[in-house]
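# A look at the structure
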Amino acid sequence: MNWNFEILPDFIFNGLRDGAVYGTVALALVLIFKATTLINFATGELAMLGAFFVYVLNVEQGWWLWLSIAVAMAVSAVIGAAVERALVRPFDPDDHLPVVLITLGLFLIINAVAGDIWNYQVRRVNDPFGHFPSWVPNGSELKTSSDGTIACLKNADGDLVEVARGTADAEMCEMVGRTFFEVVGARLHYRTIGTWIGLALALIALAIILGKTKAGLAFRAVSSNAESARLVGVNTGRTLGFGWALASVFGTLGAALVAPALGGVNPNMMLTILIYALAAAALGGLDSLGGAVIGGLVVGLIKSVLVSWFGVVVLGQAYFSILQLAMAFLLILIVLLFRPAGLFGTRRIERV
Amino acid sequence: MTKRRLWRLLALLFAFSLAAAACGGGDDDADADAGETETETTAAPSEDEEMDEEMAEEDDDEGATGALGGAAAEEDIEAAVAGETDDEMSDDEMMEEEEMMFDRSTLEGIFEEAAARRAKTVAELTEKIESGEYGVGDDGILRGPAGFEIDISACPTDWSNTTGITDSQVRIGHTTAQSGNLAAYGNIAYGWENYFDWINDNDPIMVGGAPRDLTLIIKDDAYVAAQTIEFVDELIEAENVFSILTLGSPNTLAVYDKLNEECIPQPFVMTGHPAWGDPVNHPWTTGMQMSYSTESILWGAWIKENLADLLPVKVAGLVMDNDFGLAYELGFEEWAHANSDVVSEYLPVRHDPAAPTLTNEMTTVAAFEPDVFISMTAGNPCLLAIQEAGQSGLYDDINAKGGALFAPSVCKGIEAYMAPAGDFAHDWWIVGGGSKDTTDPKHVDEPFIAFVNDNLEAAGLDPAVSLYGIGYTFGYPFGEALRVAADLPGGLNRTNFILAVRSIDIYSPLHLDGINAQLNGAADGYFIEGSDFSQFDANEQTWNIIGEIVDVNGLSTNCAWDKDNGGCR
């Protein structure tokens, strides 16, 4: 048995990066669960649609990336609210089956429509955190070629200049051209840090929205007891639409953050991620926002450290490589069997 | 412990056992053999001693399982790579070549050449059929070139030679992946259909003097073999198709026994697994592209020839964990074992075909610090492998050492896989299978590729989608074989079609010059047996061919695939 502790930090960082994405998508699942006590299976596809909006605005239309993400999140919010109004609200909220079927139908329809519009070929997107910030002097591009030269320093005309390896210029060049920091010998990519920051900002925004705004207060009231909320004058329908809109916003954020790591956007980009997010939400508790985030990080770590590092690298068992998804299902099963409310979810108490 | 908890525990154990059975049982033939040996080699950075022990153990195993096969002899391939092949043609061959001189720089010239080659094949086959040497004899045996035989009397009693040919159509079934992780490959079907539409509109296949539309019935199996089995049943029983084309190694392996028992032509399947070169046991099935075994040997031969200063080298592979990836893994492993002076250590790291990211797998590869990295994957993971090689530092490390990174032939599409990877795609090598990518700026002005792209555009399909063009690469030989079969005595039927397929000898305008596109009955079961060695230029977004085209046409040994143990029997 070769423990290979040297590369363990890499796997931890990988797991926490993926986990942050699962956590963000799990937030979207939990928001809708809190509002309607059902799982929206179209969460991933709505998020994928949001990521395509980012692609269209940024890559095709040339908008600034962050503006594209913001606009895509806003458009997704409108779509989320519209879906709730048109396809969910007409049904009896106590009868879950029709709505679950509708979300499954939406899943298939959005995937097929996206495939028809954009095809299944991956489309490259710009990475919001891929390189050292562009405001750093000497630019942010690095090109390495097989002849040993690297190019990144810009001359007076703003062109890239080739420099030899091992020189001071080259060191500077490599520093600004890097896509990572070195931490305990492992590569901590800016993309990973950016994903964490994205998740943290999402959580802060959510805390402010739910804690400090009237709409958030109404959402909490409706998710706690819809009937009582209605009796005290809360417009439950509009509030649930608000919940769907918020969920779509977080889904889009998660998809936009993960897209560069997937090579770009394509209609199937969220299929597997949704399963991990479901495992995260089940683990954290389907009605716990904080639980969704912690669940996401734990699922990411299990997949990366337990399966990929311990199973494949330490134990040397190749078949662990195809166990990653099975582990997510197994986790869902374990949680449902032993702690149906999840780690942080509300335990249902029934009086007899 | 309460009874409820006990039940929960039992349920959990049951779930574990199901998961273990699903994973341990293996979804494929190769797994059974490769699993034990590869589980050890896949353990990340192993020590030299461990590697030697593994190689010794696996050498012992080799006697039991036999060679992988499905490729030309190593020495033939290495001689071809080193440019030591005897290129001299016989007088007869030279005369034939002269007769076949057409202007390949125009579309008309290409079509004229195709027509002339078809006429030649039809004349040769007709002569043999009329003399009783070929065709279905009184004994119910279909005979063809080089000892090719099929016992038609063993076909199902309700089998018909003309199933799928109606008054207006020739119905052809196709299973492919149009959803799921490899959905991009479903685009090949649209390109193929686009070519058939062009044939129907401009130069239709004639049956009994009347034109018949080539109709493609496409089923989306999502690259799931169990779905392929269901859809093939449906295509046979409900759709009454004339012929079936499948995509994917696991999918094709799952149905090729049945299609051969049912006597249904399955030519030019969309996979390069070596198992398709088996004209004796699976006469109705043929491949189109270079076999993965040949490609594996070509990787090795290239390393031996071009990295002489680094030998012996450490090689790592990223392997898609299914029949497709394991064919590569086995092929290269066998070559590496036989050439320990070239490859000192070999680490295949497998990945789940459905994995959304490959960061962990590529971190493992990078930690192994290989001199050569070979991507043995397909679909979106092609792109992820390149991207993660860059992100993990593997790309810089290998380039700094003067080593090489290889993409597999199935990842040649520029717009699909190379362009989205950006600068990290620069200088990657490929044993490209001799095919032309219709999005490669180097080829877009060629007459046939312009014709392909014009047709796609006219149908509202984006020519920038690499895989639409590949639909033509598969559709072209299929169409040529149909035309030959239609002109044989008896017209278009299944036996004439498979005879035409097994005798095919065409100029493929979607392959590089120097690549032969031929089958020869029972003697040669591989259509394409040559390749280019190309290196990607990310600045120009093109594959640059480096060195000579290698072609070992007719030298690959046939392969009766051993489903239980992997490798050829």
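Residues numbered from 1 in each chain as written. Chains lettered and ligands numbered in written order. Predicted model: local features only at pLDDT ≥ 70, side-chain atom pairs only at ≥ 80, totals over all residues.

## Remarks on the overall build of chain B
Helices and strands together make up the secondary structure of chain B, namely 18 helices and 20 strands. Looking at chain B residue by residue over its 569 residues, the buried ones come to 58%. Considering only intrachain contacts with a sequence separation of at least 6, the fraction spanning at least 24 residues in chain B is 73%. (Helix = DSSP H or I, 4+ residues; strand = E, 2+ residues; numbered from the N terminus. Buried ≥ 20, exposed ≤ 12 C-beta atoms within 10 Å, placed from the backbone. Contact = placed C-beta atoms within 7 Å.)

## Topic: the overall build of chain A
Counting its regular elements, chain A contains twelve helices and five strands. Out of the 352 residues in chain A, the part that is buried amounts to 49%. Expressed as a percentage of contacts within chain A between residues at least 6 apart in sequence, the contacts between residues at least 24 apart total 70%.

## Regarding the sheet that holds strand 4 (residues 169–176) of chain B
Residue and element names in this part refer to chain B. Pairing within the open sheet is mixed, and its four strands lie in the order 5-6-4-7. A strand with exactly one partner marks an edge of an open sheet, and here the two such strands are strand 5 (205–207) and strand 7 (243–246). Within this sheet the neighbouring strands show an average axis-to-axis angle of 35°, counted without direction. (Pairing = 2+ DSSP bridges. Axes fitted to C-alpha atoms, helices over the stretch in contact; angles between N-to-C directions.)

## Quick notes on the sheet that holds strand 1 (residues 135–136) of chain B
All names here are of chain B. Taken in spatial order, the three strands line up as 1-2-3 in an open sheet, and their pairing is antiparallel. Among the strands making up the open sheet, the edge pair consists of strand 1 and strand 3 (149–151). Alignment of strand 2 (residues 141–143) against strand 3, held across three bridges, turns out to be antiparallel. Paired with Ile141 across the two strands is Asp151, which belongs to strand 3.

## Regarding helix 16 (residues 447–458) of chain B
Residue pairs spaced three or four apart in an α-helix point in one direction, given the helix's 3.6 residues per turn. Residue and element names in this part refer to chain B. In this model helix 16 runs 16 Å from its N-terminal to its C-terminal C-alpha over twelve residues, within 8% of the 16 Å that 1.5 Å per residue would give. For helix 16, the complete set of buried residues consists of Phe448, Ile449, Val452, Asn453, Asn455 and Leu456. The buried residues of helix 16 occupy an angular sector of 160° when projected down its axis, which confines them to one face. Exposed positions of helix 16 whose direction lies more than 90 degrees from the buried face are Asp454, Glu457 and Ala458. In this structure, the buried residues of helix 16 make contact with helix 6 (107–130), helix 7 (187–202) and helix 17 (466–487). (Expected span 1.5 Å × (residues − 1). Arc of directions from axis to C-beta.)

## Digging into the confidence of the model for chain B
All names here are of chain B. Of all residues in chain B, 85% attain a pLDDT of 70 or more, and the chain-wide mean is 86. Per-element mean pLDDT across chain B ranges from 32 in helix 2 (residues 29–42) up to 98 in helix 18 (residues 494–502). The low-confidence segment residues 18–67 (pLDDT under 50) makes 91 contacts with residues lying over four places distant or belonging to another chain. Listed scores for the predicted complex are pTM 0.83 and ipTM 0.84. (pLDDT = per-residue confidence, 0-100.)

## Brief notes about the domain arrangement of chain B
Residues and elements named next belong to chain B. Domain boundaries assigned for chain B yield domain 1 (91–290 + 439–551) and domain 2 (293–431). Taking only C-alpha atoms, the centre of domain 1 and the centre of domain 2 are 30 Å apart. Between domain 1 and domain 2, the residue contacts involve 31 residues of the former and 30 residues of the latter. Mapped by element, the contributors of at least two residues to the side of domain 1 that touches domain 2 are helix 9 (249–261), helix 17 and strand 18 (533–537). Per-element tally for the side of domain 1 that touches domain 2: the top contributor is strand 18, with five residues. (Domains from an automatic or database assignment.)

## Topic: unusual backbone geometry
Residues and elements named next belong to chain B. At the junction of Leu311 and Pro312, the peptide bond is cis and its omega measures out at -5° in the coordinates. Along the chain, the position of Pro312 falls in the loop between helix 10 (292–306) and strand 10 (313–320). Phi at Cys263 is positive, roughly 60°, even though this residue is not glycine. With respect to the element layout, Cys263 can be found in the loop between helix 9 and strand 8 (266–269). Not every positive phi belongs to a glycine, and Asp427 is a case in point at roughly 75°. Examined against the element boundaries, Asp427 turns out to sit in the loop between helix 15 (414–418) and strand 14 (429–431).

## Details of the confidence of the model for chain A
Residues of chain A with pLDDT of at least 70 account for 84%, and the chain-wide mean is 84. Within the model, pLDDT remains below 50 along residues 133–140 of chain A, and this stretch shows 15 contacts once partners closer than five positions in the same chain are excluded.

## Some remarks on the environment of Ile217 of chain B
All names here are of chain B. Looking at the element boundaries, Ile217 is found in strand 6 (residues 210–220). In this structure, the C-alpha to C-alpha distance between Ile217 and Glu78, residues 139 residues apart in sequence, is 42 Å. The residues contacting Ile217, other than those within four sequence positions of it, are Arg171, Ile172, Gly173, His174, Leu235, Glu239 and Val241.

## Some thoughts on helix 11 (residues 289–314) of chain A
Residues and elements named next belong to chain A. Maximum bend of helix 11: about 25°, positioned at Ser308. Buried residues dominate helix 11, accounting for 20 of its 26 residues. Just downstream of helix 11 lies Gly316, where phi reads positive at about 70°. (Bend = angle between axes of the 7 residues up to and from the residue.)

## Here's the deal with the packing of helix 7 (residues 214–224) of chain A against helix 9 (residues 236–258) of chain A
Residue and element names in this part refer to chain A. It is at 9 Å that the axes of helix 7 and helix 9 come closest, and there the two elements cross at 105°. It follows that helix 7 is roughly perpendicular to helix 9 by the angle criterion. Touching Ala215, Ala218, Phe219 and Val222 of helix 7 are Thr236, Thr239, Leu240, Phe242 and Gly243, all from helix 9. Classifying every residue of the contact of helix 7 with helix 9 gives six nonpolar, three polar and no charged. (Parallel < 35°, antiparallel > 145°, perpendicular 65-115°, else oblique. Nonpolar A, V, L, I, M, F, W, Y, C, P; charged D, E, K, R; others polar.)

## Remarks on the environment of Lys436 of chain B
All names here are of chain B. By the secondary structure assignment, Lys436 is in the loop between strand 14 and helix 16. Since 26 C-beta atoms lie within 10 Å of it, Lys436 is described here as buried. In this structure the C-alpha to C-alpha distance between Lys436 and Leu510, which are 74 residues apart in sequence, comes to 5.4 Å. In this view, Lys436 contacts His443, Ile449, Leu510, His511 and Leu512; residues no more than four positions away in its chain are not counted.

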